[in-house]
Amino acid sequence: MDDQRQMFPPGKLVLFGSGETSPSGQPIHERLLRELTPPIHVAILETPAGFQPNSATVAGKVGEFIEKRLQNFAPQVHIIAARKRGTPLSPDNPAIVAPILECNYIFMGPGSPTYMVRQLAGTVALRHVIERHRAGAYLCIASAAALAVSARVIPVYEVFKVGDEPHWVDGLNLLGPYGLDLAIVPHWNNAEGGEELDTSRCFMGQARMEELRRQLPDSTRILGIDEHTAVVLDFEQTCCLVLGKGTVTTWSRQEECIYQAGGTFPFSELGSDWRPTATRAKAAPPPPEEEALPPQVAEWIEQRERARAARDWATADALRRQIADLGYQVEDTPQGPRWRK
């Protein structure tokens, strides 16, 4: 284990097997949003579906669901149009991805898992997502994105549609720093093929999934998530909670375990002994009145507040860095910005 062990617990992470914008998904989002300190800022990344001409519509429908179905939380939705490297809408474009840094609920969902890996790996967008998660933001990851954040990814379209032999490709491995070597498989109980075609195991079917399992190293666990089901990873308690209509399956070379909705299981069932070494402290109190804030820093804080009010995220992000360069940290709270050395 590397130095990542020496850290506060990050925010919770919810993995949907499907149904993230369905009536069965709504109470799961509500449960998580109730735990966050308002205001609720939601980032929706277009990247997984960035190859589709209607990727803005795909992300927009998720945003519409959040704004309407979760309106009691007054969520402010930010669509992150980070579609493709080497274009104006690149995941490396600071102006495009800056709003992520203001968000405490980050969503990634439908699209192509292999496209998402190619477009997001090593980018500014992914660094922002990781930074916010480690600072306590919650991640909501569904469908293709759930595959892509794995250590090892099934190239679903290439195998199911094109006819490639069953194989794995390297994923973003978002959970690797926490000792979780996972191959996440949504749509675990899919039955779209009916009696004629086994489309379970994310359209692979049981026979191909057995072949895929044999290809994995002993350290990798398969985490299968039924449709209209989610598993919430709690890094403070180092356990997983199953929510929704179906079950969650953990699968290794040695055994298969199935967990019903409402059940929990520890990270150790996924092969991880990671533990946070410190508890995240509550927000720091305002600095003593006798401590004077340098005029330049005070001016930058005011400018940053004006930029945030105007949704000029690139300017707000740049000002945050300038403030940090002078040795000060700004924390955004419902009562306004707080600063400390």
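Above this text is the structure in question.
Quick summary incoming for the structure in this document. Model, not experiment: these values are computed from the prediction.

Each helix and strand counted, the protein has eleven helices and 16 strands in total. Here the protein has a C-alpha radius of gyration of 21 Å; the compact-globule value for 341 residues is 20 Å, and the two agree. Here the C-alpha coordinates of the protein stretch approximately 70 × 45 × 35 Å along the principal axes. When the 341 residues of the protein are sorted by exposure, 52% land in the buried category. Of the contacts formed within the protein by residues at least 6 apart in sequence, a portion of 69% connects residues at least 24 apart. Accessible surface for the protein amounts to roughly 15,600 Å². Of this, 49% is attributable to carbon and sulfur atoms. Charge separation in the protein, taken as the distance between the mean sites of 35 positive and 42 negative side-chain charges, equals 2 Å.

Applying the stated criterion across every chain, the model contains nine aromatic pairs. Centre to centre, the rings of Y178 and F235 are 4.9 Å apart; their planes meet at 55 degrees, and the pair counts as tilted. Separated by 57 residues along the polypeptide, Y178 in the loop between β7 (169–170) and β8 (182–185) and F235 in the loop between β10 (229–234) and β11 (239–244) bring together distant segments of the chain. Exposure remark for Y178: the relative accessible area of 2% places this residue in the buried category. Look at F235 and you get buried, because its relative accessible area is 0%. An angle of 85 degrees between the planes, with centres 5.7 Å apart, marks the rings of W188 and W251 as edge-to-face.

What the eight strands build is an open sheet, ordered β3-β2-β4-β5-β1-β10-β11-β14; its pairing is mixed. The open sheet has two edge strands with one neighbour each: β3 (76–80) and β14 (264–266). Strand-to-strand, the axes of this sheet are offset by a mean angle of 20 degrees, without reference to chain direction. Two elements, strand β1 (residues 13–16) and β10, share four bridges in a ladder whose sense is antiparallel. Within β10, the position partnered with F16 by the bridge is A230.

Note on sheets: strands pair through backbone hydrogen bonds, and any given pair is parallel or antiparallel. Spatial ordering of the open sheet is given by β8-β9-β12-β13, a layout of four strands whose pairing is mixed. Of all the strands in the sheet, the pair left with one neighbour each is β8 and β13 (256–260). Within the sheet, the average angular offset between the axes of one strand and its neighbour, ignoring direction, is 15 degrees. Inspection of the sheet shows strand β12 (residues 247–251) paired to β13 by five bridges, in the antiparallel sense. In the strand pairing of β13, T249 is matched with I258. The strands that helix α9 (residues 205–215) touches are β8, β9 (221–225) and β12; relative to β12, the one it contacts most, it runs at about 45 degrees.

If you add up the space inside the second largest pocket, you get close to 230 Å³. If you go around the second largest pocket, you meet 17 residues; those closest to its centre are V156, Y157, H187, C202 and F203. Elements that contribute at least two residues to the lining of the second largest pocket include exactly α6 (143–148), α7 (156–162) and α8 (200–203). Of all the elements, α7 adds the most residues to the lining of the second largest pocket, at four residues. For the lining of the second largest pocket, a count of residues per class yields nine nonpolar, five polar and three charged.

Reading guide: rules and limits
Residues numbered from 1 in each chain as written. Predicted model: local features only at pLDDT ≥ 70, side-chain atom pairs only at ≥ 80, totals over all residues. Heavy atoms only, no water. Helix = DSSP H or I, 4+ residues; strand = E, 2+ residues; numbered from the N terminus. Rg over C-alpha atoms; globule rule 2.2 N^0.38 Å. Buried < 20%, exposed > 50% of the residue type's maximum accessible area, 1.4 Å probe, protein only. Contact = heavy atoms within 4.5 Å. Areas by Shrake-Rupley, 256 points an atom, 1.4 Å probe, with all protein chains shown as cover. Lys, Arg positive; Asp, Glu negative; His and termini not counted. Charge placed at Lys NZ, Arg CZ, Asp CG, Glu CD. Phe/Tyr/Trp six-rings, centres within 6.5 Å; stacked < 30°, edge-to-face > 60°. Pairing = 2+ DSSP bridges. Axes fitted to C-alpha atoms, helices over the stretch in contact; angles between N-to-C directions. 1 Å grid on protein atoms, 1.4 Å probe; cavity = no way out; pocket = protein on both sides within 12 Å on 5 of 7 lines; lining within 4 Å. Points joined across faces, edges and corners; volume = space filled by probe spheres on them. Nonpolar A, V, L, I, M, F, W, Y, C, P; charged D, E, K, R; others polar.

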